[in-house]
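# Overview (structure and organization)
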Amino acid sequence: MGKLMRLEKLDLPEEPVLCSGHAACPGCIDALSARHVLSALGPDAVAVIPPSCMAIIAGAQPMSALRIPVYQPSLESSAAAASGLRRALDARGKQETHVVVLAGDGGTYDIGLQCLSSAAERNENILYVCFDNEGYMNTGAQKSSSTPHFARTGSTPAGKSSRKKNLIEIMAAHEIPYAATATAGFLPDLARKVEKAKALRGMRLLVLLVPCLDGWGVPEDQGIKVARLAVESGVFPLYEVEDGYRYTLNTAQKTRPVRDYLLAQRRYRNLEEHEIEALQREVDIGWARLQHRTQAELKTID
Ligand SMILES: Cc1ncc(C[n+]2csc(CCOP(=O)(O)OP(=O)(O)O)c2C)c(N)n1
Ligand code: SF4
Ligand SMILES: [Mg+2]
């Protein structure tokens, strides 16, 4: 099992790719995550940003908060737009320039999934980063297929009745070179995964858990704490899948009950005891499945 580092301050370049003065809510973890992803990726990159909080944060040209070129496609078409940009850059001899998609979960798990699947099937040479705040937050917090079971959103006021879609497993089934989860709650781990993805070619996917302060009902100084609770409780395991079958879990075990994570957010207010127990069971089953896949891989390569 890989080793997970604890929270540390990371030194960013003096001129970060995401500038200060952008349009995110104060304390937004989307912006913090983007800042670190883009710093690790470096200035030789072009970004594809569909409609989402990230599009607002980046802002419109010529006043963009990003120091790299940005293309804003429709919500459906990020992976197709990135594929086209990749080919255009290659044709101009710019094979070293990274093409990175910065998309939300609605634009990835739902509306852009067909394009993403097609790009994965073609093994396009792009880095696709999903800023997963578990809902359509830019438009006022409606549910997406990434919204978890029982979470309240504007369109699920009594709590969502179905479970969160597992995007990493969907993409692992496409046997892409690299798919991994990460979160700004564990920045060195996030930066390491960006570096790893950067060194690979072909389709690479990072799913970043991003607590949305407004949409989740989290105080503006608590976003990082909630991201860490998600990992520590096993709700959002940090793991990597290479070529669709080599699994690495980045934490040896979960160390908290799911209840600790739920109590920190208003979107889970007034959950009944049997619902908390159901969520704990879902997390336990998911964790056991991941451990099994990690060990199955160990058997395969021994
Ligand atoms: C096909 C289509 N449907 C709806 C919209 C309106 N819209 C713009 S942004 C957005 C929310 C996107 O949610 P997500 O991708 O999760 O990003 P977030 O705002 O949460 O960062 C929606 C529904 C659109 N632009 N295109
Ligand atoms: S709505 Fe949520 S994700 Fe969007 S900018 Fe505000 S805090 Fe960040
Ligand atoms: Mg979202």
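Look up: the structure comes first, before these words.
## Overview of the sheet that holds strand E8 (residues 246-249)
In space, the eight strands of this open sheet follow the order E2-E1-E3-E4-E6-E5-E7-E8, with mixed pairing throughout. Of all the strands in the sheet, just strand E2 (70-71) and E8 have a single pairing partner and so form its edges. With four bridges connecting them, strand E7 (residues 239-242) and E8 associate as antiparallel partners. When the bridges of E8 are listed, Val-241 appears paired with Tyr-247. Lying over the sheet, helix H1 (residues 29-41) contacts strand E1 (45-48), strand E3 (98-104), strand E4 (127-132) and strand E6 (204-209), oriented at roughly 165° with respect to E4. Packed on one face of the sheet, helix H7 (residues 187-199) meets E3, E4, strand E5 (178-183), E6 and E7 and runs near 160° to E5.

## Some points on the site of ligand 1
Taken together, 15 residues sit near ligand 1, with Cys-53, Gly-106, Gly-107, Gly-135 and Asn-138 positioned nearest. At 3.0 Å from an oxygen atom of ligand 1 is found a main-chain nitrogen or oxygen belonging to Met-137. Asn-138 is positioned such that a nitrogen or oxygen atom in its backbone is 2.8 Å from an oxygen atom of ligand 1. By residue class, the composition of the shell around ligand 1 is five nonpolar, eight polar and two charged.

## With respect to the site of ligand 2
Looking at ligand 2, the residues that line it are Cys-25, Cys-28, Cys-53, Asn-133, Cys-212 and Leu-213. Of the residues assigned to the shell around ligand 2, the class counts are five nonpolar, one polar and no charged.

## Let's talk about the packing of helix H3 (residues 78-91) against helix H5 (residues 113-121)
Their axes nearest at 7 Å, the elements H3 and H5 cross at an angle of 40°. In terms of axis orientation, H3 runs oblique to H5. Along its contact with H3, which presents Ala-79, Ala-80 and Ser-83, the element H5 presents Cys-115, Leu-116 and Ala-119. Residue classes in the contact of H3 with H5 are distributed as five nonpolar, one polar and no charged.

## Quick notes on the pairing of E3
On a regular strand, each side chain points to the face opposite its neighbour's, so the side chains alternate between the two faces of the sheet. The element E3 is extensively covered by neighbouring structure, given that seven of its seven residues are classed as buried. The sheet contact formed by E3 and E4 spans five bridges and is parallel. Each bridged residue has a counterpart across the sheet, and for Gly-104 the counterpart in E4 is Phe-131.

## Some remarks on the environment of Val-194
Within the secondary structure, Val-194 is located in helix H7. Sequence separation between Val-194 and Ile-285 is 91 residues, and the spatial gap between their C-alpha atoms is 28 Å. Among all residues touching Val-194, those that are not within four sequence positions of it are Val-37, Ala-40, Leu-41 and Leu-206.

## Concerning the coordination of the magnesium ion (ligand 3)
Protein ligation of the magnesium ion (ligand 3) involves Asp-105 (OD), Asn-133 (OD1) and Gly-135 (O), the donor distances falling in the range 2.0 to 2.1 Å. Donor residues binding the magnesium ion (ligand 3) come from one chain and are separated in sequence as D-x27-N-x1-G. In this structure, Asn-133 and Gly-135 share a single accessibility class: buried.

Rules and cut-offs
- Residues numbered from 1 in each chain as written.
- Chains lettered and ligands numbered in written order.
- Predicted model: local features only at pLDDT ≥ 70, side-chain atom pairs only at ≥ 80, totals over all residues.
- Heavy atoms only, no water.
- Pairing = 2+ DSSP bridges.
- Helix = DSSP H or I, 4+ residues; strand = E, 2+ residues; numbered from the N terminus.
- Contact = heavy atoms within 4.5 Å.
- Axes fitted to C-alpha atoms, helices over the stretch in contact; angles between N-to-C directions.
- Near = heavy atom within 4 Å.
- Polar contact = N/O pair within 3.5 Å; in protein donor to acceptor, adjacent residues only side chain to side chain.
- Nonpolar A, V, L, I, M, F, W, Y, C, P; charged D, E, K, R; others polar.
- Parallel < 35°, antiparallel > 145°, perpendicular 65-115°, else oblique.
- Buried < 20%, exposed > 50% of the residue type's maximum accessible area, 1.4 Å probe, protein only.
- Donors = N, O, S within 2.8 Å, 3.2 Å for Na, K, Ca; no water.

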